[in-house]
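Structural characterization, general
One-letter residues, chain by chain:
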Amino acid sequence: MNTRSIVVCAAAAAALAAVIALAFATGSYPVAFADLLRVLLNWLGGAAHGLDPTVETVVLQIRGPRVIAALLVGASLAAAGAAYQNLFRNPLVSPDILGVSAGAVVGAVLGIFLSLGIVAIQSMALAGGLAAVAMVYVVARAVRGHDPLLVLVLAGVVLGSLLGAFVALMKYLADPYNQLPAITFWLLGSLASVSPRDLWIAGPLMLAGLLPLWLLRWRINVLSLDDEEARALGVATVRIRLAVIVGATLMTSAAVAIAGVIGWIGLVIPHFARLLTGPDFSRLLPVSIVLGAGFLVAVDTLARSIAHIEVPLGVLTAFIGTPLFLWQLMTARRGWQ
Amino acid sequence: MKLSAQSLGFGYRDHGVGSDVTLELASGEVLCLLGPNGSGKTTLFKTLLGLLPPLSGAVLIDGRDASTLTREAIARQISYVPQAHGAFFPYTVLETVLMGRTAHLGLFSAPSARDYAATAAAMERIGISHLADAIYTQISGGERQLVLIARALAQEARMVVMDEPTANLDFGNQVRVLERIRALSADGIGVLLSTHDPDHAFLCADRVAMLHQGRLVACGDVVTVMTAPQLQQLYGIPVSVTEVSLQGGGSRKICLPLGML
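Quick notes on the rules
Residues numbered from 1 in each chain as written. Chains lettered and ligands numbered in written order. Predicted model: local features only at pLDDT ≥ 70, side-chain atom pairs only at ≥ 80, totals over all residues. Helix = DSSP H or I, 4+ residues; strand = E, 2+ residues; numbered from the N terminus. Buried ≥ 20, exposed ≤ 12 C-beta atoms within 10 Å, placed from the backbone. Contact = placed C-beta atoms within 7 Å. Expected span 1.5 Å × (residues − 1). Nonpolar A, V, L, I, M, F, W, Y, C, P; charged D, E, K, R; others polar. pLDDT = per-residue confidence, 0-100. Pairing = 2+ DSSP bridges. Axes fitted to C-alpha atoms, helices over the stretch in contact; angles between N-to-C directions. Core = buried A, V, L, I, M, F, W, Y, C linked by C-beta atoms within 7 Å. Domains from an automatic or database assignment.

Side note on the overall build of chain A
A count of helical and extended segments in chain A gives 14 helices and 0 strands. When the helices and strands of chain A are listed from N to C terminus, the series reads α-α-α-α-α-α-α-α-α-α-α-α-α-α. In terms of its C-alpha atoms, chain A occupies a principal-axis envelope of roughly 70 × 60 × 40 Å. The buried share of chain A, reckoned over its 337 residues, is 49%. For chain A, the proportion of contacts with a sequence separation of at least 24, taken over those separated by at least 6, is 75%.

A few points about helix α12 (residues 265–277) of chain A
All names here are of chain A. Here α12 is 13 residues long and its end C-alpha atoms lie 18 Å apart, about the 18 Å a rise of 1.5 Å per residue gives. Turning to α12, its buried residues are I265, G266, L267, V268, I269, P270, H271, F272, A273, R274 and T277. Against the buried residues of α12 lie α1 (3–25), α3 (53–87), α13 (281–303) and α14 (313–331).

Concerning the interface of chain A and chain B
Taken residue by residue, the interface counts 24 residues in chain A and 25 residues in chain B. Of all the secondary-structure elements, those providing two or more residues to the side of chain A that touches chain B are α9 (217–223) and α10 (227–232) of chain A. Tallied by class, the residues present in the side of chain A that touches chain B amount to 10 nonpolar, 7 polar and 7 charged.

Some remarks on the confidence of the model for chain B
All names here are of chain B. In this model, chain B carries a mean pLDDT of 93, and residues with pLDDT of at least 70 account for 100%. Predicted confidence in chain B is weakest over strand β12 (residues 251–257), with a mean pLDDT of 91, and strongest over strand β3 (residues 30–34), with 97. Across the whole predicted complex the pTM is 0.91, and at the interface the ipTM reaches 0.93.

Some thoughts on the pairing of strand β1 (residues 2–12) of chain B
Residues and elements named next belong to chain B. Sheet analysis places β1 next to strand β2 (residues 15–26), joined by 8 bridges and oriented antiparallel. Residue pairing across strands places L8 opposite V21, the latter belonging to β2. The loop that links β1 with its antiparallel partner β2 comprises 2 residues. Note that β1 and strand β4 (residues 56–61) share 5 bridges and pair antiparallel.

Quick word on the confidence of the model for chain A
Per-residue confidence for chain A gives a mean pLDDT of 89, with 98% of residues at or over 70. Least confident of the elements in chain A is helix α2 (residues 33–43) of chain A, whose mean pLDDT is 85; most confident is α9(A), at 96.

Here's the deal with α13(A)
Here α13(A) is 23 residues long and its end C-alpha atoms lie 31 Å apart, about the 33 Å a rise of 1.5 Å per residue gives. Where burial is concerned, most of α13(A) is hidden: 21 out of the 23 residues are buried.

Focus on the sheet that holds β1(B)
All names here are of chain B. Strand order in the open sheet made by the 4 strands is β2-β1-β4-β5, with antiparallel pairing throughout. Every interior strand has two partners, whereas the edge strands, β2 and β5 (64–65), have only one. Against the sheet, helix α1 (residues 41–48) contacts β1, β2 and β4, and its axis sits at roughly 120° relative to β1.

So, the nonpolar core
Formed by 179 residues in total, the largest nonpolar core has its most connected members in V73(A), A79(A), A83(A), A150(B), V160(B) and V161(B). Ranked by residues supplied to this core, first place goes to α3(A) with 17 residues. In this structure, this core is formed jointly by two domains, domain 1 (2–226) and domain 2 (227–261) of chain B, each of which donates at least three residues. Leaving out residues up to four positions away in the same chain, V161(B) has contacts with F45(B), L48(B), L49(B), I78(B), Y80(B) and L192(B).

Section: the domain arrangement of chain B
For interface size, the figure often reported is the accessible area lost on association. Residues and elements named next belong to chain B. Along its sequence, chain B is carved into domain 1 (2–226) and domain 2 (227–261). On a C-alpha basis, the centroid separation for the pair domain 1 and domain 2 is 27 Å. In this complex, domain 1 contributes 12 residues to the contact, which on the side of domain 2 involves 10 residues. Every element with two or more residues in the side of domain 1 that touches domain 2 is listed here: α7 (198–204), β9 (207–212) and β10 (215–221). Tallied by class, the residues present in the side of domain 1 that touches domain 2 amount to 9 nonpolar, 2 polar and 1 charged.

Shown next as structure tokens:
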């Protein structure tokens, strides 16, 4: 850890804390910072706050789960994106390159189409994401004699478009009065309906996915070299790559299952993190996580406060992410050259 | 330690590149592999490193079949210096050399103080300590080649395989790399390198092997193998091997193409 990384981490952590506080305070029922502190202290077992119970309900029941969900989903997408960018040696790769989002969408849309409950829909999304990536991996392993990474990407693209056709078919067949709006809503991404129970399921899955990424952090650095070079340096590339894919897929699937499809975070955030810390994965991963979490909390706060109705998250991340990315592309090439 | 190939057939599953290659390299020795484009030098190297499975025969590391060893175990014995190339992400030179320590790290470990010390020592030996904080993707081709050699040294293997270490380097850097190779062999490290310049074999090799269309056509001491008829046959052009006397005493052999213009 050099001085620069410590400064970057401290600044990122401070910014994250500020964004979280702002997210709790902002909304159709504004909460003063002092009241927010009192409610949180009381929740932690401190003195009674003596405030209107509505304040407590807003902070703990409504905004709490939503802020935590935004933290978890943002962190997961950014971490998975960082891992995939190293794995595919390409800074333009996002977590859904292997079809995880497409698979999750098919699972969720099928669940909505069959009029299942919310838990079943989320489970199907999770299973769909995992199944899609497993299929891509098996297909890619069966093709021999080509660059293994290229085959993985191609298999992901091909399977993704097949799943896209499947989703289009189900939208066409869906009941236009209640199923189609539900499908559309889900495709746009939202944290509005996240419940504490969702977090208890998705949170541990995300942490389980993060574990291999953190443990293998040094091997993941070496994996960004040529395949043969990495093997000559003593890395069992096939096994390490599989472990990284499993971890990143678990994180992304869990995120998509509770929040729908939210683009751009997994692409843009690791990119920015790399500019701040350099490419070493043991620094890149934590900084990506903090930036991703903070970014999604900020965007979600915007989504529920800039208009009378909620703006879909996926739309907002694209509106904010695209210009950020283009600006970064035009001003600095240091991150990947 | 010894690295040997026994009647090795090498290539890819559906097309063989070479066959029946038998050679041996001991630590402290420099073996130079010559051969025209497409003769299979790189494929042979990849097979010796265990990156490609042999099509027939075997690669032995100290008498043990390399295909039974793990990647880590092979990497602790043999390091690989690929041709200097770009990288995908802007790692610093220090981080790049540090990657040479991977085979000595536990699966879940990051480099420790000991690894940083070995890395610093390797960079010192190659003379690139001043580049430690430079970005690998921004330094010159000659410097990159030296960084990759330092990375192989940090790997602390007794054998180094170098694929055309002097390709794309200017005259001065070519000689600097050859000097480092001699220094490595003086330290007891075995070096197997390929080159397109026969003079490099005269400058740094103990023994020379010649590969033509995937077969070893000659292998032995520099003096016995590096003759005009052999080189002529290998490259298909008339050449002359001449002894020139150097200013300040001594002499050295060089290889010149004949029949130009």
